[in-house]
Amino acid sequence: MRKVLIITGVFPPEPVTSANMNFDLAMALSEKYEVTVVHPKPTRPEGVVYKPNEENYPFKCITVDSYTYPKSSPIGRMRESISFGRISAQFLKGHHYDFDFVYNDGWQLFGLYIVAKVCTKYKIPYIVPIQDIYPECFFTNRKVPAIMSGMVNALIKPIDRYYQKNAYKVRTISDEMADYLSSTRQIDRDRYLVTDNWQNDEDFTAEPIPSGKLIFGYVGSINNHSNTELLIKAFDKAALKDAELRIFGMGNRRERCEELAKSMGNDNIVFDSVAKSEVPKVQSQCSVLVLALPKGNGGLCLPSKMSSYLLSGRPVIASIDKDSATCRYINESGAGFCIEPDDIDALANTFKNISMMSKEELQQMGDKSRKFADLRLTRKANLTKLCNEINKIIQ
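In short, a report on the structure.

Thresholds applied
- Throughout this document, residue positions are counted from 1 along each chain, in the order its sequence is written.
- It should be noted that, the model being predicted, local features are given only for residues of pLDDT at least 70 and side-chain atom pairs only at 80 or more, the latter also being counted only at that level, while totals for whole chains, interfaces and linings use all residues.
- Only hydrogens and water are set aside when side-chain values are computed; all heavy atoms of the structure are taken into account.
- By the criteria applied, helices consist of DSSP H or I runs no shorter than four residues and strands consist of E runs no shorter than two, each listed in order from the N terminus.
- Only protein chains enter the calculation, and the probe is 1.4 Å; a residue is then buried if its accessible area is under 20% of its type maximum, exposed if over 50%, and partly exposed in between.
- Nitrogen and oxygen atoms within 3.5 Å of one another constitute a polar contact, given that in protein one can donate a hydrogen and the other can accept it, and given that sequence-neighbouring residues count only through two side-chain atoms.
- Should any heavy atoms of two residues lie within 4.5 Å, those residues are counted as being in contact.
- Aromatic rings from Phe, Tyr and Trp, with only the six-membered ring used for Trp, were paired whenever their centres fell within 6.5 Å, and each pair was classed as stacked if the ring planes differed by under 30 degrees, edge-to-face if by over 60, and tilted otherwise.
- Only when DSSP finds a minimum of two bridges between them are two strands counted as paired.
- Structural elements are reduced to axes, namely lines fitted to C-alpha atoms, with helices fitted over the stretch in contact, and the angle between N-to-C directions of any two is expressed from 0 to 180 degrees.
- Each angle gets one of four labels, with under 35 degrees taken as roughly parallel, over 145 as roughly antiparallel, 65 to 115 as roughly perpendicular, and the rest as oblique.
- Should the near helix be turned anticlockwise from the far one by less than a right angle, the crossing is termed left-handed; should it be turned clockwise, right-handed.
- In this count, Pro and Cys sit with the nonpolar residues alongside Ala, Val, Leu, Ile, Met, Phe, Trp and Tyr, while Asp, Glu, Lys and Arg are called charged and the others, Gly among them, polar.
- Throughout, disulfides are identified as pairs of cysteine sulfur atoms within 2.5 Å of each other.

Our next topic: the side chain of S333. Residue placement: S333 occurs in helix 10 (residues 325-333). For S333, a relative accessible area of 10% corresponds to the buried category. A polar contact is formed between the side chain of S333 and the backbone nitrogen of A335, at a distance of 3.2 Å. Look past the residues within four positions of S333 in its chain and what remains in contact with it is K368 and F372.

Here's what the structure looks like:
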């Protein structure tokens, strides 16, 4: 039987999209191949303590004692990436004759590069997935001197290009991302495989939009990239009488966002946390779901919450770059509104306009959301596409 190695920086029980997708991939490939999964100790989200995983899977699971860093400091994340990359590479070196294929999904940049070097040396074909584009993402929503950004680009981009250039395929999550990487890394566009991120779509039942108070919901991380402060400021500026903004999530900017809402004296902005298993329920209790990314960031990633929002069958407001995949999805589906990023007035006006729509109009938008998700964003459609590509490589 052919053998597959999946190297992943996150894995269940961590409630992270990549963790769940790599679990699904391991389960699917185990039907045809002998699969081994290598991953670090679970540490996401920060502060959660996990019990040892004693479940029996149809694949071998190896937890390595690499350095972990669930916080957002670049230095700590770099150390985590290098540590897990080195340990994974050592394992692969010692067992390179065992594996016919590697799914190289450790931590980006250094970790991916270290493993890619071993795969290249021993001529083991691999796929590398890209969720966010680095080093570009380092500079979003940050004021960095041009000299420093130039130095970082000069040091980091060759590393990023190496593991993409030598991969059998580079999995990206949108055509826009594939086009950008192909152009900036000078790699043939055919090297890129586009598959959307998927969720446990059977968990999302697309309940009818609830009656009563209009509820705007944000569900996701509250960090430097989420632009949650913009949502708070715009909602407060809209001054809606019978509406509420519910923000569910944790992250390094949550405390700052709570202080901002408190300083406004707006009792209709509330914060809470939510377990991954409860996300479908929480989103079904909202009338409209919202997200925001800083200008220049929309084309560098596709928020996993976008597919979750659409699967929930809710209208979506996105404050994001017009040339992003997120904006394209909204326009193609007719599921909501795409607003210029960082524009408080435009977002506040959108909140007002939605408050004047009938429940029936909102429900029509929500139905379009779910229809689009069922066609494009299910596990079956995207996992099958990825597995078919891996089958071609192995066979």
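Applying the stated criterion across every chain yields a total of 12 aromatic pairs. Aromatic pair F11 and F23: ring centres 6.1 Å apart, planes at 55°, arrangement tilted. On the criterion of sequence distance, the pair formed by F11 in the loop between strand 1 (3-8) and helix 1 (17-29) and F23 in helix 1 is long-range, its members being 12 residues apart. Aromatic pair Y329 and F372: ring centres 5.3 Å apart, planes at 55°, arrangement tilted. Here Y329 is found in helix 10, whereas its partner F372 is found in helix 12 (residues 359-376), with 43 residues between them in sequence. No difference in accessibility class separates Y329 from F372, as the two residues are buried.

Right, let's talk about the sheet that holds strand 2 (residues 34-40) for a bit. The 7 strands lie next to each other as 3-2-1-4-5-6-7, forming an open sheet whose pairing is parallel. On the outer flanks of this sheet lie strand 3 (60-64) and strand 7 (192-194), each paired with one strand and no other. In this sheet, adjacent strand axes meet at a mean angle of 20° when their direction is disregarded. Note: strand 5 (residues 126-129) against strand 6 (residues 169-172), 3 bridges, orientation parallel. Counted as the bridge partner of V128 is V170 from strand 6. Relative to the sheet, helix 2 (residues 74-94) contacts strand 1, strand 2, strand 3 and strand 4 (101-105), its axis offset from that of strand 2 by approximately 150°.

This part takes up the sheet that holds strand 11 (residues 288-292). Taken in spatial order, the 6 strands line up as 10-9-8-11-12-13 in an open sheet, and their pairing is parallel. The sheet terminates laterally at strand 10 (269-272) and strand 13 (336-339), the two strands that pair on one side only. Between one strand and the next, the sheet's axes are offset by a mean angle of 20°, whatever the strand orientation. The strands touched by helix 6 (residues 228-238) within the sheet are strand 8 (214-219), strand 9 (243-248), strand 10, strand 11 and strand 12 (316-319), with strand 9 carrying the most contacts at an inclination of about 170°.

What follows deals with the packing of helix 1 against helix 13 (residues 379-394). Running from N to C, helix 1 and helix 13 cross one another at 60°; their axes reach a closest spacing of 11 Å. When the axis of helix 1 is compared with that of helix 13, the two are oblique. The crossing of helix 1 and helix 13 is right-handed. For the pair helix 1 and helix 13, the contacting residues are D24, L25, A28 and L29 in the first and R379, L383, L386, C387 and I390 in the second. By residue class, the composition of the contact of helix 1 with helix 13 is 7 nonpolar, no polar and 2 charged.

Applying the stated criterion across every chain yields a total of 1 disulfide. Paired by a disulfide, C327 and C338 hold their sulfur atoms 2.3 Å apart. With the S-S dihedral at roughly -130°, the linkage between C327 and C338 falls on the left-handed side. Remark: C338 occurs in strand 13 and C327 occurs in helix 10; sequence separation between them is 11 residues. Here C327 and C338 have matching classes, each one buried. The thiol of C387 is unpaired, and the distance to the nearest cysteine sulfur, on C61, comes to 17 Å.

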